[in-house]
Amino acid sequence: MTSTARRGAVWTLLAWIAGVLFVLPVLWMVLTSLHSEQDAATNPPSPGAALTLQGYREFFGAGGGLSPWPPLLNSLTASVMSTLLVLVLAIPAAYALSIKPVRKWSDVLFFFLSTKMLPAVAALLPVYLIAEHLAMLDNIWLLVILYTSMNLPIAVWMMRSFLAEVPVEILEASAIDGARLPTTLLRIVAPVAMPGIAATALISFIFSWNELLFARVLTGVVAGTAPVFLTSFVTSQGLFLAKVCAAATCISLPVLIAGFAAQDKLVQGLSLGAVK
């Protein structure tokens, strides 16, 4: 075996080890969700305990519990709507910063990045007071606006790097043919940069779906999201581990499904421009 082959085998082994280390906690969570509360609480844990779906039945409201469907629907609404708004705003902004660069475009990019330097908790009180003044507390559209503003800077940065790879010759040909900006964005730029758009949309969706801080403080009964609903399983009576793991597994499924469905576009988008 040559040195190159040995080096490749070592890197492959390290990649497998890293993958197993990342997946192992998720598999343990799924396994724990299939145990009874008594078996899940044993110390040390008993992986070979009898399996049951009681945790999932209780998560979906069996026995008079709260229904998870309103929080799941709220999370889906906030995540999908904010992701669509992010794409609508980020693609023209990235176009202006890459293909048709504005003056001092680097300062504009730094401004976008600087908005992410403020800790989210530092903006919590001002946002709460503004929402209270506008009578928008416990309103799902408040979360849509917040998630859009939170994900827009990173989306502009990502889309700018993706659109910078669009061949200029295609845009020049469309300009000669008389295509206007909306036509250029929809029919020329979007198909070429679709892997980047898919990657940006997926990351924005994940960030919105997993957000807890603002949703926990700014919502209540009506607009509570899935992560907020997950915290309701930690009660004064104790931590019901099997039920929490079942709820976490169900709440994680939409993100996992979206990731698997768009994994080819995600890999293409994240690696776009990495090799010249």
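Residues numbered from 1 in each chain as written. Predicted model: local features only at pLDDT ≥ 70, side-chain atom pairs only at ≥ 80, totals over all residues. Heavy atoms only, no water.

This next bit is on unusual backbone geometry. The backbone of A135 sits at a positive phi, close to 60 degrees, despite the residue not being glycine. Tracing the backbone through its elements, the reader meets A135 in the loop between α6 (124–133) and α7 (140–163). Classification of A135 as exposed rests on a relative accessible area of 68%. One non-glycine residue, D138, lies in the positive phi region at around 60 degrees. Here D138 is to be found in the loop between α6 and α7. (Helix = DSSP H or I, 4+ residues; strand = E, 2+ residues; numbered from the N terminus. Buried < 20%, exposed > 50% of the residue type's maximum accessible area, 1.4 Å probe, protein only.)

Following both chains from N to C, one finds helix α4 (residues 69–98) and helix α10 (residues 194–210) inclined at 140 degrees, their axes separated by 9 Å at the closest point. With respect to their mutual orientation, α4 and α10 come out oblique. The chirality of how α4 crosses α10 is right-handed. Within the contact between the two elements, α4 uses L72, S75, L76, S79, V80, S82, T83, V86, L87 and I91 and α10 uses I197, T200, A201, S204, F205, S208 and W209. Partitioning the contact of α4 with α10 into residue classes produces 10 nonpolar, seven polar and no charged. (Axes fitted to C-alpha atoms, helices over the stretch in contact; angles between N-to-C directions. Parallel < 35°, antiparallel > 145°, perpendicular 65-115°, else oblique. Left-handed = near helix turned anticlockwise from the far one by under 90°. Contact = heavy atoms within 4.5 Å. Nonpolar A, V, L, I, M, F, W, Y, C, P; charged D, E, K, R; others polar.)

Here we take up helix α13 (residues 241–261). With 21 residues, α13 should cover 30 Å at 1.5 Å per step; its first-to-last C-alpha distance of 30 Å lies within 8% of that length. In α13, a bend of some 35 degrees at L253 exceeds every other bend along the element, and P254, a proline, comes one to four places later. Every buried residue belonging to α13 is among A242, K243, V244, C245, A246, A247, A248, T249, C250, I251, V255 and G259, and all of these are buried. (Expected span 1.5 Å × (residues − 1). Bend = angle between axes of the 7 residues up to and from the residue.)

Time to look at a nonpolar patch on the surface. Together, V10, W11, L13, L14, I17 and L21 make up an exposed nonpolar region whose accessible area comes to about 640 Å². Within the secondary structure layout, L13 lies in helix α1 (residues 3–33). Owing to a relative accessible area of 53%, L13 belongs among the exposed residues under this scheme. (Patch = residues over 30% accessible without salt bridge, like charges linked within 9 Å, V, L, I, M, F, W, Y side chains within 5 Å. Areas by Shrake-Rupley, 256 points an atom, 1.4 Å probe, with all protein chains shown as cover. Salt bridge = Lys/Arg side-chain N within 4 Å of Asp/Glu carboxyl O.)

This part takes up the packing of helix α8 (residues 168–176) against helix α9 (residues 181–192). At their nearest, the axes of α8 and α9 sit 11 Å apart, and the two run at 140 degrees to each other. Our pair here, α8 against α9, has a crossing hand that is right-handed. Here I170, L171 and S174 of α8 come into contact with α9, specifically with T184, I188 and V189. Residue composition of the contact of α8 with α9, grouped by class: four nonpolar, two polar and no charged.

On to the packing of aromatic side chains, then. Taken as a whole and assessed by the stated rule, the structure comprises six aromatic pairs. Pairing F59 with F229 gives two aromatic rings, centres 5.9 Å apart and planes at 65 degrees, and the pair type is edge-to-face. Taken together, the positions of F59 in helix α3 (residues 54–59) and F229 in helix α12 (residues 226–231) put the pair 170 residues apart, joining distant regions of the chain. The residues F59 and F229 share a single accessibility class, namely buried. Between F205 and W209 the ring centres are 5.8 Å apart and the planes differ by 25 degrees, which places this aromatic pair in the stacked class. Within this pair, F205 and its partner W209 are both found in helix α10, separated by four residues, close to a single helical turn. For the pair shown, F205 and W209 are each scored as buried. Feature note: the residues F59, F60, W69, F229 and F233 constitute an aromatic cluster, connected by ring pairs. Above the face of the F240 ring, K243 is positioned so that its terminal group lies 4.9 Å from the ring centre. (Phe/Tyr/Trp six-rings, centres within 6.5 Å; stacked < 30°, edge-to-face > 60°. Lys NZ or Arg CZ within 6 Å of the ring centre and 35° of its normal.)

Worth remembering: the numbers are spatial, not functional.
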